[in-house]
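# Breakdown of the fold
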Amino acid sequence: FVPRTVFVDLEPSCCDEIRTGPYRDLYHQESIINGKEDAANNFARGKYHLGPEILDQVMHRITRITETCEGLQGFIVYHSFSGGTGSGFGALLMEKLTEEYNKKTKMLFNIFPSERLCNVTVEPYNSVFCTSSLSEYCDIAFLVDNQAMYDICINNLNLDRPKYPNINRLAAQVISNITCSLRFDSQLNCDLTQFQTNLVPLPKVIFPVCSFFPFLSAEKAFHEQFSVRELTTALFDSRNAMVKCNTDKGKYMACCIIYRGDVLPKDMNEAIKFVKDKKTVNFVDWCPTGFKVGINNAMPTTVPGSDIAKVQRNAVMMSNTTAFGQVMQRLDDRYDMLFSKRAFVFWYVGEGMEEGEFQEAREDLRVLEDVYGELSREAGGADGEEDEAEVAGDDVY
């Protein structure tokens with residue numbers, strides 16, 4: 001088995017780690033592509049200067065891989081918002097994929113910047129430019145916040161000083177659960193198109209918040225067992241969300257839950273009914289109170305040597321909520337503080353950007369922020385009453 005994966009970086013060090021690391025035999029060497037110099041945390045450098053130099057090589061490899069697919073569903077792209085390569089080259093690659101494969105689903109998993117944990121001074125610029133671009137070329141984007149993952153490592157896994165491998169394994173565990181229905185045959189599976197159809201109510205509202213439960217250390221796993229009801233209830237706790245936002249202050253526009261492991265449809269139905277009866281989950285008044293659900297009977301697994309204990313069952317939830325407007329607001333405020341003094345702008349202009357692009361990107365984010373703000377105000381003005389939904393099909397409640 002050789003994964004249909006392409007690794008790309010503008011500088012060689014990260015790719016060299018894969019080539020010489022413990023998983024070097026898993027990937028095809030021609031699918032690991034790198035340039036010769038770093039983007040230096042500069043979106044413009046990644047998109048306009050260095051990115052085009054390797055874009056043709058990357059697209060050639062992607063084309064060769066897609067030609068071997070019997071039924072191509074779409075693309076899953078993993079990248080960061082704050083760095084130069086992740087934001088700049090990531091935006092350039094998404095434009096090219098949209099141009100070449102317009103009808104295919106493009107799903108993204110993004111490492112989103114956090115306010116408290118920041119290792120790049122200009123990450124507000126990079127993040128706003130990248131978000132502006134992705135809102136046009138991406139179908140759905142699942143965000144993962146560094147601060148949220150650090151807190152989970154400290155509070156759930158009892159790690160005093162989490163390192164990058166700890167953080168990466170958290171993100172990998174969530175992504176594994178989301179994509180397990182693409183890799184294993186089971187009852188009530190979800191494919192890429194179903195994610196997009198059920199989670200994106202409006203064209204610009206493409207940023208679902210992910211929640212996962214349980215993350216347990218090996219010490220806790222021996223004496224803690226969670227029922228399906230407890231799993232379902234915990235997913236709506238903002239402490240288990242992978243993005244720092246208070247979901248209690250927002251309302252849900254769409255919700256998808258994927259259970260993995262020893263889960264029976266009967267237990268799942270009872271758990272969802274329990275959540276509805278408690279009225280702890282508030283949907284906007286214009287959206288049916290429906291849950292898109294999936295069950296995959298493949299047992300949960302972990303990376304060897306991981307701090308995360310193997311459990312009997314777990315669950316991941318993807319929810320499009322008006323609370324995500326809080327995240328946009330924080331990012332825009334940090335961007336405005338930098339741009340009000342035109343700080344660091346000359347670095348971007350020197351790599352091919354125009355200053356007008358700063359205003360255009362900020363205006364795109366303002367529109368997105370207004371959309372979430374309007375949805376939140378409408379939800380706040382509603383009485384919040386929910387009607388009992390009947391089963392429509394075999395996996396929507």
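My aim in this report is to walk through the structure given alongside it, one point at a time.

Thresholds applied
Residues numbered from 1 in each chain as written. Predicted model: local features only at pLDDT ≥ 70, side-chain atom pairs only at ≥ 80, totals over all residues. Heavy atoms only, no water. Helix = DSSP H or I, 4+ residues; strand = E, 2+ residues; numbered from the N terminus. Rg over C-alpha atoms; globule rule 2.2 N^0.38 Å. Buried < 20%, exposed > 50% of the residue type's maximum accessible area, 1.4 Å probe, protein only. Contact = heavy atoms within 4.5 Å. Areas by Shrake-Rupley, 256 points an atom, 1.4 Å probe, with all protein chains shown as cover. Lys, Arg positive; Asp, Glu negative; His and termini not counted. Charge placed at Lys NZ, Arg CZ, Asp CG, Glu CD. Arc of directions from axis to C-beta. Axes fitted to C-alpha atoms, helices over the stretch in contact; angles between N-to-C directions. Parallel < 35°, antiparallel > 145°, perpendicular 65-115°, else oblique. Left-handed = near helix turned anticlockwise from the far one by under 90°. Nonpolar A, V, L, I, M, F, W, Y, C, P; charged D, E, K, R; others polar.

## Quick notes on the overall build of the chain
A tally of regular secondary structure across the chain gives 14 helices and 9 strands. Here the C-alpha radius of gyration of the chain, 21 Å, is about what a compact globule of 397 residues would show, namely 21 Å. C-alpha extents for the chain along the principal axes are approximately 60 × 50 × 45 Å. For the chain, with 397 residues in total, the buried portion stands at 53%. Sequence separation of at least 24 residues holds for 82% of the intrachain contacts in the chain that already meet a minimum separation of 6. Summed over its atoms, the accessible surface of the chain is roughly 18600 Å², and 50% of this surface lies on carbon and sulfur atoms. Across the chain, the mean location of the 40 positive side-chain charges is 4 Å away from that of the 57 negative side-chain charges.

## A look at helix H8 (residues 192-199)
Within H8 the residues assigned to the buried category are Leu192, Phe195 and Leu199. On an axial view of H8, the arc spanned by its buried residues comes to 60 degrees, and they lie on one face. Contacts made by the buried residues of H8 are with strand E3 (74-80), strand E4 (105-112), strand E5 (140-145), helix H7 (164-183), strand E7 (252-261) and strand E9 (313-321).

## Remarks on helix H10 (residues 228-235)
Along an α-helix, a turn takes 3.6 residues, which lines up residues three or four apart on a common side. Those residues of H10 that sit buried are Val228, Leu231, Thr232, Ala234 and Leu235. The arc enclosing the buried residues of H10, seen along the axis, measures out at 165 degrees, which places them on a common side. Check the buried side of H10 and you find it contacts strand E6 (209-213), E7, helix H11 (265-278) and E9.

## Considerations on the packing of H10 against H11
Relative orientation of the contacting elements H10 and H11 amounts to 45 degrees, with a least axis distance of 8 Å. Taken together, H10 and H11 sit at an angle that is classed as oblique. With respect to the hand of their crossing, H10 and H11 are arranged in right-handed fashion. In this structure, H10 uses Val228, Arg229, Thr232 and Thr233 to contact H11, whose residues at the interface are Asp267, Met268, Ala271, Phe274 and Val275. A breakdown of the residues in the contact of H10 with H11 according to their chemical character gives 5 nonpolar, 2 polar and 2 charged.

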